[in-house]
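Analysis of the macromolecular model
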Amino acid sequence: MTDLAKRLRLYVIPDLSSGRGLPLEEQARAALEGGATAIQLRCKDATSKELYRYALAFRHLADEYGALFIVNDRLDIALAAKADGVHLGKDDLPVRVARELAPEGFIIGATARTPQRAIEAQKEGASYLGVGAIYPTKTKKDTVVIGLDGLNNIVEKVSIPCVAIGGITIKDVKEVIKTGACGVAVSSAIFGTQDPTDTTRRFKAELEGFNN
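Residues numbered from 1 in each chain as written. Predicted model: local features only at pLDDT ≥ 70, side-chain atom pairs only at ≥ 80, totals over all residues. Heavy atoms only, no water.

A few words now on the overall build of the protein. Assigned secondary structure in the protein consists of ten helices and eight strands. At 16 Å, the protein has a C-alpha radius of gyration in line with the 17 Å of a compact globule built from 212 residues. Taken along the three principal axes of its C-alpha coordinates, the protein extends 40 × 40 × 30 Å. Relative to its 212 residues, the protein shows a buried fraction of 51%. Contacts spanning at least 24 positions in sequence make up 60% of the contacts within the protein whose residues lie at least 6 apart. Approximately 10,000 Å² of the protein is accessible, and the part contributed by carbon and sulfur atoms is 50%. (Helix = DSSP H or I, 4+ residues; strand = E, 2+ residues; numbered from the N terminus. Rg over C-alpha atoms; globule rule 2.2 N^0.38 Å. Buried < 20%, exposed > 50% of the residue type's maximum accessible area, 1.4 Å probe, protein only. Contact = heavy atoms within 4.5 Å. Areas by Shrake-Rupley, 256 points an atom, 1.4 Å probe, with all protein chains shown as cover.)

This paragraph deals with the pairing of strand S5 (residues 107-112). Taking burial as the measure, the six residues of S5 include five buried ones, the bulk of the element. Of the pairings in the sheet, the one linking strand S4 (residues 85-88) to S5 comprises four bridges and is parallel in character. Residue pairing for S5: Val86 is matched across the bridge by Ile108. Note on the crossover from S4 through helix H5 (residues 95-101) to S5: the handedness is right-handed. When S5 meets strand S6 (residues 128-132), the two strands line up parallel, connected through four bridges. (Pairing = 2+ DSSP bridges. Right-handed = clockwise from strand over helix to strand, strands pointing away.)

A separate point is the packing of helix H2 (residues 24-33) against helix H3 (residues 48-65). Two numbers describe how H2 lies on H3: the axes approach to 10 Å, and their chain directions differ by 15°. Judged on the interaxial angle alone, H3 and H2 are roughly parallel. As for how H2 packs across H3, the hand of that crossing is right-handed. Of the residues in H3, those in contact with Leu24, Glu25, Ala28, Arg29, Leu32 and Glu33 of H2 are Arg53, Tyr54, Ala57, Phe58, Leu61, Ala62, Glu64 and Tyr65. (Axes fitted to C-alpha atoms, helices over the stretch in contact; angles between N-to-C directions. Parallel < 35°, antiparallel > 145°, perpendicular 65-115°, else oblique. Left-handed = near helix turned anticlockwise from the far one by under 90°.)

Right, let's talk about unusual backbone geometry for a bit. Along the chain, Gly132 connects to Ala133 via a cis peptide bond; the corresponding omega equals 15°. Relative to the assigned elements, Ala133 resides in the loop between S6 and helix H7 (147-155). Residues other than glycine seldom take positive phi values, yet Asp73 does so here, at roughly 75°. Residue position: Asp73 is located in the loop between strand S3 (68-72) and helix H4 (75-80). With a phi angle near 60°, Lys82 is a residue other than glycine that sits in the positive phi range. When you line up the elements, Lys82 lands in the loop between H4 and S4.

To continue, consider the pattern of salt bridges. Throughout the structure, instances matching the rule amount to twelve salt bridges. For Glu64, the salt bridge identified is with Arg29, shortest N-O distance 3.2 Å. Here Glu64 is found in helix H3, whereas its partner Arg29 is found in helix H2, with 35 residues between them in sequence. Note on Glu64: relative accessible area 44%, which makes it partly exposed. The salt bridge partner of Lys171 is Asp172, with a shortest N-O separation of 3.4 Å. Using a relative accessible area of 70% as the deciding quantity, one classes Lys171 as exposed. (Salt bridge = Lys/Arg side-chain N within 4 Å of Asp/Glu carboxyl O.)

Whether parallel or antiparallel, the strands of a sheet pair through hydrogen bonds between backbone atoms. Reading around the circumference, S1-S2-S3-S4-S5-S6-S7-S8 is the order of the eight strands in this closed barrel, with parallel pairing throughout. The average undirected angle you get between the axes of adjacent strands in this sheet is 25°. Note that S3 and S4 share three bridges and pair parallel. For Ile70, the partnering residue across the bridge sits in S4 and is Gly85. Here H3 sits on the sheet in contact with strand S2 (38-41) and S3, set at roughly 175° to S2. The strands touched by helix H10 (residues 196-207) are strand S1 (10-12) and strand S8 (183-186); relative to S1, the strand with the most contacts, the crossing angle is about 150°.

To continue, consider H3. Over its 18 residues, H3 runs 25 Å from end to end, which matches the ideal 26 Å to within 8%, given 1.5 Å per residue. Where H3 is concerned, the buried positions are Leu51, Tyr54, Ala55, Phe58, Arg59, Leu61 and Ala62. Elements that come into contact with the buried residues of H3 comprise H2, S2, S3 and H4. Gly66, located one to two residues past H3, shows a positive phi value of around 70°. (Expected span 1.5 Å × (residues − 1).)

Spelled out as structure tokens, the structure:
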């Protein structure tokens, strides 16, 4: 397993809609305290100024806990806050353009639902793929469920790490990782619980013992 794959093992996405009223910074700290290896800043309704403020706070927290910090969608915010990387969806800046603008070593994630898109993203310079949705999820409204078979089909076609996302609960972790995914991305399954830190620890425990 590559170093990046290890650091993407438990990829946690704080979310205001499913976070039981906790501010994003508090959600991020709770997950990092529980052992999250990467955190993503995703807040579609925030202004650029608000996102930058959040990004600085997330950068500080990630440094404190030795985790990766990724910004969703916004390369400008990621670069301004000195994030480790950015995650780009189908309607965002193309991966190849982001790669031209980003400094050496900058992590660029891309969303992939099909093997074709996965192969394209890898050729364009993506560092890793966010693959899903694996299961139905309420976190994103435009979700297309590809299931474990869809995940496996993508993992087999690319050489960069694949992080599974979408409706993943603790009981699903083993089956997901068996496909060859390097890790799981989780939001509501952690922040919709009474104790996000403890839930993160339990996700971390389920992920232990796998070498892929």
